Amino acid sequence: MTDEEYIKLAISIAKKGSGKVSPNPMVGCVIVKNGKVIGKGYHKKYGEHHAEINAINSAVTSIKNSTVYVTLEPCSIYGNTPPCTERLIKEKVKRVVIGTKDPNPLVNGKGIAILKKANIDVSLGVKENECKELNKFFNKYISESIPYITLKAAVTLDGKIADEKGNSKWISSIQSRKLVHKLRSEYDAVLIGYNTFKKDNPSLDVRLVKGRNPHKIILDSKLRIDTNSNVFNSIKEEKIIIITAVENKNNLKKLNVLKNAGAKILFIKKNNDGFLNLKMILKQLAKMKITSVLVEGGSKVFNSFIKQNLFDELLLFVSPKIMGKGLSWAGDFNIGNIKKALNFEIIENKKIADDILIKIKKRGK
């Protein structure tokens, strides 16, 4: 097998940590000696051993003079665990092949320098784009101090997310909904606006697949949330965050009801347009170590994220239905001229039962 093939294997192993290691990155490691894989490991859970240590501990023989393949630069600092570089040097490995540098300024390049100083041969940048994509949440969180934002909508062929009365169940197929639940388990949080909360009464949890429940974030500038709603049902694992306007700090009675029901309240200033300041919200979520947010509506929320250029990708589950009248998924941008239309790039599309999932990013991203 080639270096590329071993790193590809390490990437597949790393994905087993999805939804369990945040705010740390997913990392996979494969140890090869005399052309045979003698150890494999991945970062299983935040605060526990890193991928390299798990791979070393799984080795069926001494890893001296072996080649270590790892998707991310080995750490060189003391955190929840000792630095992996220290262990690799102690084990006298011969070569380390790295997918990509660690963007964390505390590590960035330092782990590589330490390995080289110890006369270990280092190769960098093998399957680099794939390794960066693996940790797109972590990379955005570290480099910009805000979470990675994905907008997700189920739409009809004519771009509607609900009928005139606000009914939206169900536009997409059960297979698409299962995939959405899988996505929820991979993201740190799911976010909706108050109108979606009121009309859909969603649970925002993971029911159709196995996985962890994300934080449930609701934008409610007027503090109208009803604690008898579905989001409060799974009380054993409640991670509800209500984001409201600063003016509501004095509404002590309602605040106490929400807090007693298990909700955390964040107070955010409004913009001149009367909407909560999204950039401030994202900065506060990052301080809570939330590295990724799946935004599930509604149209006003989608519209605001797009207008303010605060999203990283867009997932459209397009169902072969036509509504005619109904609620547009993205709202109005007041453009009115095809030459000035917002322009994006379709980077992936695939069929899911009767639906088509379209993955879109901003051009140049």
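Residues numbered from 1 in each chain as written. Predicted model: local features only at pLDDT ≥ 70, side-chain atom pairs only at ≥ 80, totals over all residues. Heavy atoms only, no water.

This part takes up unusual backbone geometry. The general pattern is negative phi for most residues beyond glycine and trans for most peptide bonds. Each neighbour pair has its own omega, and for Lys-169 with Trp-170 the value is -10 degrees, a cis peptide bond. Looking at where Trp-170 falls in the secondary structure, it is placed in the loop between strand E7 (160-162) and helix H7 (174-186). Here the amide bond leading from Gly-297 into Gly-298 is cis, since omega sits at 5 degrees, within 30 degrees of zero. Positive phi is not limited to glycine here, since Asn-119 has a value of about 65 degrees. Mapped onto the elements, Asn-119 comes out in the loop between helix H4 (110-117) and strand E5 (121-124). With a relative accessible area of 73%, Asn-119 lands in the exposed category. The phi dihedral of Ser-145 falls on the positive side, at around 60 degrees, and the residue is not glycine. (Helix = DSSP H or I, 4+ residues; strand = E, 2+ residues; numbered from the N terminus. Buried < 20%, exposed > 50% of the residue type's maximum accessible area, 1.4 Å probe, protein only.)

As a further point, take the sheet that holds strand E16 (residues 355-362). Taken together, nine strands build an open sheet; the order of strands is E11-E10-E9-E8-E12-E6-E13-E16-E15 and the sheet is mixed. The open sheet is flanked by strand E11 (263-268) and strand E15 (344-352), the only strands paired with a single partner. For this sheet, the mean angle separating the axes of adjacent strands, direction not counted, is 20 degrees. Bridge analysis of strand E8 (residues 189-193) against strand E9 (residues 215-219) gives five bridges, and the strand direction is parallel. Note on E9: the bridge partner recorded for Gly-193 is Leu-219. Along the sheet, H7 contacts strand E6 (148-155), E8, strand E12 (292-295), strand E13 (313-318), E15 and E16; its crossing angle with E13, the most-contacted strand, is approximately 160 degrees. On top of the sheet, helix H10 (residues 278-287) reaches E6, E9, strand E10 (240-245), E11 and E12; it is set at about 135 degrees to E11, its chief contact. (Pairing = 2+ DSSP bridges. Axes fitted to C-alpha atoms, helices over the stretch in contact; angles between N-to-C directions. Contact = heavy atoms within 4.5 Å.)

Let us look at the sheet that holds strand E3 (residues 67-72). If you walk across this open sheet you meet the five strands as E2-E1-E3-E4-E5, and the pairing is mixed. Strands with a single pairing partner mark the edges of an open sheet, and in this sheet they are strand E2 (36-42) and E5. The average angle at which neighbouring strand axes cross in this sheet is 15 degrees, direction not considered. Direction of pairing for strand E4 (residues 95-100) relative to E5: parallel, over a ladder of four bridges. In the strand pairing of E5, Val-96 is matched with Val-122. Of the strands in this sheet, strand E1 (28-33), E2 and E3 touch helix H2 (residues 51-58), which is tilted by about 135 degrees from E2. On top of the sheet, H4 reaches E4 and E5; it is set at about 150 degrees to E5, its chief contact.

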